[in-house]
Amino acid sequence: PNRPGQKLDENNAMLIGIGQGPITATPLQVAAAHAALARDGVYLSPILAEYQRPQQVSRNLNIPPHILDNTLQGMYDSANADYGTGIELSINGRREKIFNIENVTLRAKTGTAQAPRKWDDVNGNRRIDEGETILRSGSHSWYVCHVGLPGEQHARYIVCVVVEYGGSGGRVSGPVANQVLHLLRAEGYL
């Protein structure tokens, strides 16, 4: 693995290119990165509390237009094409659509992130010993989507959902993102 400040080695660069490898990010960082994609590569630093009015930083990431187009098309396909990983989930052998909200344009990326086991470390030695109970194991479930109204060039909202130790991104976090979109609609934002 690469250490902070080291140049990314070729193997890890390839893994990151497909969404794997040595990377950590918070949901806010992922949402901000996707918002930059939706703004044609312009990053704006997030504002956490509107009343604080911090100075917002803007930076053009200079992402070539064909890269942006390909990325957004892939995300569109993920959420809309029959072969997309973010369109359906399987429940008792039946296929169900993840999103059941109408008249929106969706682009999505699912993700499943490896997570360390959590256990009741009774003796504090940071190892799982006999008699210590594993509390959590598995993967974190991720789903990030861009949502807007039909015909709009850019997304209005970026929704990023993480369910710790939830497993598959589309199967677990996707339905939560769907409920957020329904809330946005109910509150008049969509």
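Note that residues are indexed from 1 along each chain, following the sequence as it is written. Local features are withheld for residues below a pLDDT of 70 in this predicted model, meaning they are given only at 70 or higher, and side-chain atom pairs are given and counted only at 80 or more; totals for whole chains, interfaces and linings count all residues. The basis for the side-chain values is all heavy atoms of the structure; hydrogens and waters are excluded.

**Section: the overall build of the chain**
Argument step 1. Within the chain one finds four helices and nine strands.
Argument step 2. Considering only C-alpha atoms, the chain reaches an extent of 60 × 45 × 40 Å along its principal axes.
Argument step 3. Here the term buried applies to any residue with accessible area under 20% of the maximum for its type, exposed to any over 50%, and partly exposed to those in between, with areas from a 1.4 Å probe on protein chains only. Looking at the chain residue by residue over its 190 residues, the buried ones come to 31%.
Argument step 4. Throughout, a contact is declared for two residues whenever any of their heavy atoms are within 4.5 Å. Counted over contacts in the chain with a minimum sequence separation of 6, partners at least 24 positions apart contribute 57%.
Argument step 5. Summed over its atoms, the accessible surface of the chain is roughly 12700 Å², and 50% of this surface lies on carbon and sulfur atoms. What counts as a helix is a DSSP run of H or I of at least four residues, what counts as a strand is a run of E of at least two, and both are numbered from the N terminus. Only the protein chains shown count as cover for residues, and all accessible areas are computed by the Shrake-Rupley method using a 1.4 Å probe.

**Focus on unusual backbone geometry**
Argument step 1. One non-glycine residue, D40, lies in the positive phi region at around 60°.
Argument step 2. Within the element layout of this structure, D40 appears in the loop between α2 (27-38) and β1 (42-44).
Argument step 3. Here Y165, not a glycine, exhibits a phi torsion of approximately 55°, which is positive.

**Some words on the pattern of salt bridges**
Argument step 1. Basic side-chain nitrogens of Lys or Arg form a salt bridge, by our definition, when they fall within 4 Å of a carboxyl oxygen of Asp or Glu. Per the counting criterion, the structure on display carries three salt bridges.
Argument step 2. Here E88 ties to R95 by a salt bridge, and the two come within 3.3 Å at their closest N and O atoms.
Argument step 3. Residue classification places E88 among the partly exposed positions, given a relative accessible area of 27%.

**Let's talk about the packing of aromatic side chains**
Argument step 1. Here a pair means two rings of Phe, Tyr or Trp (six-membered ring of Trp) with centres within 6.5 Å. Their orientation is stacked below 30 degrees between planes, edge-to-face above 60, and tilted elsewhere. Here the structure, examined in full by the defined rule, presents two aromatic pairs.
Argument step 2. Where F99 meets Y143, the ring centres are 5.5 Å apart and the plane angle is 55°; that geometry is what we call tilted. Of this pair, F99 sits in the loop between β4 (94-97) and β5 (105-114) while Y143 sits in strand β8 (residues 139-148), and the two are 44 residues apart along the sequence. Both residues of the pair, F99 and Y143, belong to the buried class.
Argument step 3. Ring centres 6.3 Å apart and planes at 85° place the aromatic pair Y157 and Y189 in the edge-to-face group. Note that Y157 is positioned in strand β9 (residues 157-163) and Y189 in the segment after α4 (169-186), a separation of 32 residues in sequence.
Argument step 4. Using a relative accessible area of 25% as the deciding quantity, one classes Y157 as partly exposed.

**A word on a nonpolar patch on the surface**
Argument step 1. Patch members must show over 30% relative accessible area and no salt bridge, and they are joined within 9 Å when carrying like charges or within 5 Å when they are nonpolar side chains of Val, Leu, Ile, Met, Phe, Trp or Tyr. Side chains of L8, I16 and I23 sit close together on the surface and give an oily, nonpolar patch of about 250 Å² of accessible area.
Argument step 2. Looking at where I16 falls in the secondary structure, it is placed in helix α1 (residues 10-17).
Argument step 3. Note on I16: relative accessible area 31%, which makes it partly exposed.

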